[in-house]
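Inside the fold
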Number of protein chains: 2
Amino acid sequence: MPPLRTALLQSSGRPGSVAANLDVLEEAAAQAAASGARLLVCPEMFLTGYAIGDDVARLAEPADGPAAEALAATARRHGLAILYGYPERDGGRVHNSAQLIDAVGGRLANYRKTHLYGEFERERFTPGDRAVVQADLDGVRLGIMICYDVEFPENVRAHALAGTDLLLVPTAQMRPFEFVAESVVPVRAFENQLYVAYVNRTGPEGPFDFVGLSCLAGPDGTAAARAGRGEELVLGDVDPRVLAASRAANPYLGDRRPGLYTDLTG
Amino acid sequence: MPPLRTALLQSSGRPGSVAANLDVLEEAAAQAAASGARLLVCPEMFLTGYAIGDDVARLAEPADGPAAEALAATARRHGLAILYGYPERDGGRVHNSAQLIDAVGGRLANYRKTHLYGEFERERFTPGDRAVVQADLDGVRLGIMICYDVEFPENVRAHALAGTDLLLVPTAQMRPFEFVAESVVPVRAFENQLYVAYVNRTGPEGPFDFVGLSCLAGPDGTAAARAGRGEELVLGDVDPRVLAASRAANPYLGDRRPGLYTDLTG
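Just so you know, these numbers come straight off a predicted model, no measurement behind them.

What to know about the overall build of chain A
- Along its length, chain A carries eight helices and 14 strands.
- The C-alpha radius of gyration of chain A comes to 17 Å, within 12% of the 18 Å expected for a compact globule of 266 residues.
- Dimensions of chain A along its principal axes, counting C-alpha atoms only, are 50 × 45 × 35 Å.
- In chain A, which comprises 266 residues, the share counted as buried stands at 62%.
- Restricting the contact set of chain A to residue pairs at least 6 apart, pairs at least 24 apart contribute 69%.
- About 9,000 Å² of surface is accessible on chain A, with carbon and sulfur atoms providing 51% of the total.
- Seen as two clouds, the 25 positive and the 34 negative side-chain charges of chain A have centres 3 Å apart.

Concerning the side chain of T74(A)
Residue and element names in this part refer to chain A.
- On the secondary structure map, T74 appears in helix 3 (residues 66-78).
- Overall, T74 belongs to the buried group, its relative accessible area being 5%.
- If near-sequence neighbours (up to four positions away) are discounted, T74 is found in contact with L25, E26, A29 and I82.

Some remarks on the confidence of the model for chain A
- Per-residue pLDDT for chain A has a mean of 97; in total, 100% of the residues score no lower than 70.
- If you check the scores for this complex, the pTM reads 0.98 and the ipTM reads 0.97.

Here we look at the packing of aromatic side chains
Residues and elements named next belong to chain A.
- In the structure shown here, the tally under the stated rule is 24 aromatic pairs over all chains.
- Look at Y84 and Y86: their rings are 5.1 Å apart centre to centre, the planes differ by 35°, and that puts the pair in the tilted class.
- Classification of Y84 by relative accessible area gives buried; the value is 1%.
- Look at Y86 and you get buried, because its relative accessible area is 1%.

As for the packing of helix 5 (residues 153-161) of chain B against helix 6 (residues 178-192) of chain B
Residues and elements named next belong to chain B.
- Running from amino to carboxyl end, helix 5 crosses helix 6 at an angle of 40°, the nearest separation of the two axes being 10 Å. When the axis of helix 5 is compared with that of helix 6, the two are oblique. Like other packed secondary-structure pairs, helix 5 and helix 6 cross with a definite hand, here right-handed. Counted together, P153, V156, R157 and A160 of helix 5 and R188, E191 and N192 of helix 6 form the full contact between these two elements.
- A per-class count over the contact of helix 5 with helix 6 returns three nonpolar, one polar and three charged.

Comments concerning the sheet that holds strand 13 (residues 223-226) of chain B
Residue and element names in this part refer to chain B.
- A sheet is described by the order of its strands in space; here six strands give the open sequence 6-7-8-9-12-13, paired in mixed fashion. Lying at the two open borders of the sheet, with one neighbouring strand each, are strand 6 (133-137) and strand 13. Neighbour-to-neighbour, the strand axes of the sheet open up by a mean angle of 20°, direction not taken into account.
- Strand direction decides the pairing type here: strand 12 (residues 215-217) and strand 13, joined by three bridges, are antiparallel. By the bridge assignment, A217 is partnered in strand 13 with A223.

A word on the side chain of E178(A)
- Mapped onto the elements, E178(A) comes out in helix 6 (residues 178-192).
- Among all residues touching E178(A), those that are not within four sequence positions of it are V211(A), L213(A) and R229(A).

As for the interface of chain A and chain B
- Taken together, the 41 residues of chain A in the interface contact 41 residues of chain B.
- Across the interface of chain A and chain B, roughly 3,700 Å² is buried in total on both sides, 60% from carbon and sulfur atoms.
- With its nearest N and O atoms 2.6 Å apart, the salt bridge here joins E154(B) to R157(A).
- Of all elements in the fold, only helix 5 (153-161), helix 6 and helix 8 (252-255) of chain A reach the threshold of two or more residues within the side of chain A that touches chain B.

Some thoughts on the nonpolar core
- Formed by 158 residues in total, the largest nonpolar core has its most connected members in L39(A), L166(A), L39(B), L40(B) and L166(B).
- Here L40(B) is in contact with A7(B), L9(B), L25(B), A28(B), A29(B), A32(B), L80(B), A81(B), I82(B), L83(B) and L233(B), once residues within four sequence places are set aside.

Rules used in this analysis
Residues numbered from 1 in each chain as written. Chains lettered and ligands numbered in written order. Predicted model: local features only at pLDDT ≥ 70, side-chain atom pairs only at ≥ 80, totals over all residues. Heavy atoms only, no water. Helix = DSSP H or I, 4+ residues; strand = E, 2+ residues; numbered from the N terminus. Rg over C-alpha atoms; globule rule 2.2 N^0.38 Å. Buried < 20%, exposed > 50% of the residue type's maximum accessible area, 1.4 Å probe, protein only. Contact = heavy atoms within 4.5 Å. Areas by Shrake-Rupley, 256 points an atom, 1.4 Å probe, with all protein chains shown as cover. Lys, Arg positive; Asp, Glu negative; His and termini not counted. Charge placed at Lys NZ, Arg CZ, Asp CG, Glu CD. pLDDT = per-residue confidence, 0-100. Phe/Tyr/Trp six-rings, centres within 6.5 Å; stacked < 30°, edge-to-face > 60°. Axes fitted to C-alpha atoms, helices over the stretch in contact; angles between N-to-C directions. Parallel < 35°, antiparallel > 145°, perpendicular 65-115°, else oblique. Left-handed = near helix turned anticlockwise from the far one by under 90°. Nonpolar A, V, L, I, M, F, W, Y, C, P; charged D, E, K, R; others polar. Pairing = 2+ DSSP bridges. Buried area = accessible area lost by both parts, 1.4 Å probe. Salt bridge = Lys/Arg side-chain N within 4 Å of Asp/Glu carboxyl O. Core = buried A, V, L, I, M, F, W, Y, C linked by side-chain atoms within 4.5 Å.

What follows is the structure, encoded as structure tokens:
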């Protein structure tokens, strides 16, 4: 199986303008496809912006809404899958979600953030209740989570146990938490023997200052690709052969003792 | 409450000679006490050596055996607590254990490694069945685990949930796994909001080449103290005020959703 080339769009787009952000995505998809990528991953809430106050609720739309249709067209046009973060409307509730569109425009998976961060998010979103959301793409099992979710080792372990090969993590990681991008994410990849694509916003937005530092972390704990602090499209390869060899050398999943971990679910 | 000054003895002593290693401990205890330390932590299997083949079983002794008595005298003499790694004899079984002696010579806690590493250990030791072993020292709650145990996020999480402030981890960490000392250990401290004292052997021994890099990692993910690759006594402070402030700023334990983690114990 050939490596899955993955493009990480580190950008804040234009907060508050869905139309402008769809244009940014269209351009990024063209550039990613031209570089051989078969998957494009965007940051948390890329469709609308993150620090947009009450516009979160105003711009929220259902998983099968107009943005999903526009992105299906983009995906088809460039022949690659797209994961985008957006505020999802579901009746009276709004979720902080990420949706995966496949290369022919199908809605492959939709994930609702389970671990909301701080008052800002808890006032605006309802947390999701499904921990592990997956989809298969070209023989690679993808998993989806969002930002704060990945800081909980339990979440990533659940994905590893469910067979996730590449964990996609749109994020909105701000100062002074560079440590998460630089250290926590590579350790998650190593301790669970999978790839993690951590894709961040960048620069100041409302009260936040997003730190960039997006990365594709591999199962050896190194970053196969790492962005700086500014807007950037980063490419990296997810190689099933690397994964198989690394898993054989680091048998964490097989050496677990689940009977000793019961306090974690109490 | 004043900080608990902790001394990390990064040394391989003299593998195969219990008498020589008790002498090294006596000298390290004197030096640590003179520097204000109230706790001295040694590497995995420090009492006997690690790569000593069948001598593991020959030199194993009960938790209340002669080495415990000798170390009780050392602890009393210098007025500080000592955690030492040793092969523990329990009838026909041998455990890879670490025992904590208090400053007046009492046996405060004994831990048996639950996650054995590789064929080398599985051939010689019986794994322990108690995940969380703790003791209180001068108002700080100590936890104990050994080497490979700390690479499993579930283990450290169980300690955090049980209130461990300072996790003591005697280790025998070899090339090419520097990543564990450099990155995994600080991430464990950060994600669980506790201190981790990771104390390693050093240099070649049998088929292994131990990497040193012992550290006292704090709840902000930085190393409050970090050794190089050679023999070294490293000192660091465990500060309850730092811990309280960091926990308030990083409420990981409160933001967990235990109901979503049930796959981890199946």
